[in-house]
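For reference, the chains in residue letters:
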Amino acid sequence: MAIERTLSIIKPDATRRNLTGKINAKFEDAGLRIVAQKRIQLSLQQAQQFYAVHSARPFFGELTEFMASGPVVVQVLEGEGAVLKNREVMGATNPKDAAPGTVRAEFAESVGENSVHGSDAPETAAQEIAFFFSGIELVG
Ligand code: RTP
Ligand code: MG
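Quantities reported herein were computed from a predicted structural model and do not represent experimental measurements.

**Some words on the UniProt feature "active site" (unreviewed entry) in the protein**
Piece 1. Residues annotated by UniProt as "active site" (unreviewed entry) correspond here to H117.
Piece 2. Owing to a relative accessible area of 11%, H117 belongs among the buried residues under this scheme.
Piece 3. What H117 contacts, discounting residues up to four positions off in sequence, is L7, S8, I9, K11, F50, Y51, N86, M90 and E128.

Encoded structure:
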């Protein structure tokens, strides 16, 4: 399988509870390399722009307000099949459905406040990485 990159976000519920290191350990233990990372605070407008694909969904307001409610850690993960591998490490969207040992099974508070975001395909990964990182911030 090819080496890929994917965009990951450690969400405000997790940064608030000081879980960045524990979540990063799960990524690294799965063979994902953190090749870029920064801690930022999104404005509501930036959160709306990032999640524009979900703008018609009933949870859009709740989701974007939550994502702007505190610091997030945005990161680029690299590895073999990184998009799918990251989603396996994250677990299902709803922590009640997430497999044991996944980030969401261990740390998520609810279906909305679920600790991490991960790109869902290589094409969206490229767009989401470009949303947060410039070329010189991406170390090979
Ligand atoms: P993500 O995009 O954050 O990696 O999560 P995902 O693919 O597992 O879930 P997606 O369907 O893309 O939804 C994006 C985020 O919206 C919030 N959500 N809330 N209240 C709800 O029913 C609900 N459903 C989704 C979650 O924060 C989810 O991660
Ligand atoms: Mg998604």
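**Digging into the packing of aromatic side chains**
Piece 1. Following the criterion strictly, the structure yields 4 aromatic pairs and no others.
Piece 2. Taken together, the ring pairs in this structure connect F50, Y51, F131 and F132 into an aromatic cluster.
Piece 3. Its guanidinium or amino end placed over the ring of F133, K38 lies 4.7 Å from that ring's centre, counting from NZ or CZ.

**Section: unusual backbone geometry**
Piece 1. Phi is positive for N18, close to 65°, though the residue is something other than glycine.
Piece 2. Looking at the element boundaries, N18 is found in the loop between α1 (12–16) and α2 (20–29).
Piece 3. Judged by relative accessible area, which is 70%, N18 ranks as exposed.
Piece 4. A positive phi angle, close to 75°, is found at S115, a residue other than glycine.
Piece 5. By the element assignment, S115 lies in the loop between α6 (103–107) and β4 (116–118).

**Section: the UniProt feature "domain: Nucleoside diphosphate kinase-like" (unreviewed entry) in the protein**
Piece 1. Those places that UniProt annotates as "domain: Nucleoside diphosphate kinase-like" (unreviewed entry) correspond, in this numbering, to residues 3–140.
Piece 2. Segment residues 3–140 splits into 40% helix and 20% strand. End C-alpha atoms: 12 Å apart.

**Details of the site of ligand 1**
Piece 1. Taken together, 15 residues sit near ligand 1, with K11, T93, G112, N114 and G118 positioned nearest.
Piece 2. The contact in question runs from an oxygen atom of ligand 1 to an N or O atom on the side chain of H54, over 3.1 Å.
Piece 3. Here an oxygen atom of ligand 1 sits 2.4 Å away from a polar atom, N or O, in the side chain of T93.
Piece 4. For ligand 1, whose accessible area on its own is 560 Å², the fraction buried by protein is 80%.
Piece 5. When residues of the shell around ligand 1 are traced back to their parent elements, those giving at least two are α5 (82–90) and β4.
Piece 6. A per-element tally of the shell around ligand 1 places β4 first, with 3 residues.
Piece 7. Looking at the shell around ligand 1 residue by residue, the class counts come to 6 nonpolar, 6 polar and 3 charged.

Reading the values: rules and limits
Residues numbered from 1 in each chain as written. Chains lettered and ligands numbered in written order. Predicted model: local features only at pLDDT ≥ 70, side-chain atom pairs only at ≥ 80, totals over all residues. Heavy atoms only, no water. UniProt positions renumbered as here; feature names shortened; annotations may be inferred. Buried < 20%, exposed > 50% of the residue type's maximum accessible area, 1.4 Å probe, protein only. Contact = heavy atoms within 4.5 Å. Phe/Tyr/Trp six-rings, centres within 6.5 Å; stacked < 30°, edge-to-face > 60°. Lys NZ or Arg CZ within 6 Å of the ring centre and 35° of its normal. Helix = DSSP H or I, 4+ residues; strand = E, 2+ residues; numbered from the N terminus. Near = heavy atom within 4 Å. Polar contact = N/O pair within 3.5 Å; in protein donor to acceptor, adjacent residues only side chain to side chain. Areas by Shrake-Rupley, 256 points an atom, 1.4 Å probe, with all protein chains shown as cover. Nonpolar A, V, L, I, M, F, W, Y, C, P; charged D, E, K, R; others polar.

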